[in-house]
Amino acid sequence: MKKSILRSKIIQIFEKHKLSKKHSKICANYLIKAELVEAKSHGLTRLKMYCKRLQKKLINPKPKIKIKRISSSISHIDADNSIGFISADIGIYEAIKNAKNTGLGLVAVKKSGHFGLSSFYAEQAVKKNLIVLCFTNAPPALAPYGARKSLFGTNPICFGAPVGKVPFILDTSTSIINRGKIRHANKFGKKIPYGVALNKFGKVTTNAKEALKGTQLPIAGFKGSGLAWMVDILSGVLTGSSHGGKTKDPFDDFSGPQNVGHLFITIDPKIFIGKRYIQEMKKNIKLIKRLPKAKGFSSILYPGERKNKLYKKNLNKDIFVPEKILLEMDELNAIE
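Residues numbered from 1 in each chain as written. Predicted model: local features only at pLDDT ≥ 70, side-chain atom pairs only at ≥ 80, totals over all residues. Heavy atoms only, no water.

Trainee: Where do I start with the pattern of salt bridges in this structure?
Mentor: Working definition: two side chains of opposite charge can pair if their charged atoms are close together. Inspection of every chain in the model, using the stated rule, returns 13 salt bridges. For Glu123, the salt bridge identified is with Lys33, shortest N-O distance 2.3 Å. In this pair, Glu123 is assigned in helix H5 (residues 119-127) and Lys33 in helix H2 (residues 21-36), connecting sequence segments 90 residues apart. Just as Glu123 is buried, Lys33 falls in that class too. In this structure, Glu38 and Lys313 form a salt bridge, with 3.3 Å as the shortest nitrogen-oxygen distance. On the criterion of sequence distance, the pair formed by Glu38 in the loop between H2 and helix H3 (47-55) and Lys313 in helix H11 (residues 305-314) is long-range, its members being 275 residues apart. You can call Lys313 partly exposed: its relative accessible area is 44%. Linked through salt bridges whose partners overlap, the residues forming this network are Arg69, Glu94 and Lys97. (Salt bridge = Lys/Arg side-chain N within 4 Å of Asp/Glu carboxyl O. Helix = DSSP H or I, 4+ residues; strand = E, 2+ residues; numbered from the N terminus. Buried < 20%, exposed > 50% of the residue type's maximum accessible area, 1.4 Å probe, protein only.)

Here you go:
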């Protein structure tokens, strides 16, 4: 489907679910971008979920978002249960503005929801020549190291840095694969890789449905569990949001708003090394790319390069929309 047609359809669907035109456009742009970078777990497959939560009034379509300025560098945002794309968009804008004014931006967001890929927001800061860290918590999916029950989310960690051309953006969940990939596999009847999740009996499974009822495995064992805990503190405890397994699953738990928290940290690299930053960054990357290649590798890519190539490759192509998603979109557009 042509991007312009798909974008119009998504905007229409969100507007039908009471989002404003402006907010509908922002949400549509982020969902389409996820498709263009081939992160289908965070693209159109989530549209029905967002709309269902809007229908059930668990996402506020007309939020009164409040920004509390604590200092010239620090802001605390009450997102009023808005859709995550909107609250995070405002959060990163505020963090960018603060860093441009003082060299440092620290913005906490509470009462938000799932906001798609963290890299969406990191890219905005990097385009303004800022270093950025983004944190967000998620529903229980990982068992803390030594426990048998899921409690931490797959709590992603995202870091971005300007390079001069293609930005350096590391966006990774603290689980071996993100939960969206398991949900996507379940939706389309596909298997998941071996060794990324356990069923409810604690056995390794490649069945996506069993994995959703069981627990996912963290990256690097206790280290990944520790990182997930760190994000739970930074984006949950620190922001005044849900934490400790209390973040509601957007697909399965309709007992109330998610109350997701986000934390954005933006740094102007000029505050320490002035105009030398880009020069030193390029030197750093050149040194690493010139290292002898391991067997089977023709090049060494830094985080962000692969996604950038996918985006450019797909930018002028039509987007394939599976029949199942098309049917969902038709159903969503029929809802008054």
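Having seen the structure, we can now continue with the description.
Trainee: Would you mind showing me how to read the nonpolar core here?
Mentor: Among soluble globular proteins, nonpolar side chains are generally buried collectively. Counting residues in hydrophobic clusters, the biggest one holds 53 residues, and the most contacted among them are Ile10, Phe14, Leu47, Phe85, Tyr121 and Phe264. By residue number, the principal contributor to this core is H2, which donates 8 residues. Residues contacting Tyr121, with those up to four places away along its chain left out, are Tyr30, Gly84, Phe85, Ala88, Asp89, Ile92, Phe115, Cys134 and Phe264. (Core = buried A, V, L, I, M, F, W, Y, C linked by side-chain atoms within 4.5 Å. Contact = heavy atoms within 4.5 Å.)

Trainee: Whenever I open this one, the packing of H2 against helix H4 (residues 84-102) confuses me. Can you help?
Mentor: Relative placement of two packed helices is described by the angle separating their axes and the distance separating the axes. For the pair H2 and H4, interaxial distance at closest approach is 9 Å and the crossing angle is 95°. Here H4 runs roughly perpendicular to H2, going by the angle between their axes. Of the residues in H4, those touching H2 at His23, Ile26, Cys27, Tyr30 and Leu31 are Phe85, Ile86 and Asp89. (Axes fitted to C-alpha atoms, helices over the stretch in contact; angles between N-to-C directions. Parallel < 35°, antiparallel > 145°, perpendicular 65-115°, else oblique.)

Trainee: Would you mind going over unusual backbone geometry with me for this structure?
Mentor: Trans is the common state for peptide bonds, and a negative phi is the common state for residues other than glycine. The residue Glu38 is not glycine, and still its phi comes out positive at about 60°. For Glu38, a relative accessible area of 40% translates into the label partly exposed. Positive phi, normally seen in glycine, also occurs at Ala220, with a value near 55°. Considering the arrangement of structural elements, one finds Ala220 in the loop between strand E8 (215-216) and helix H8 (222-237).

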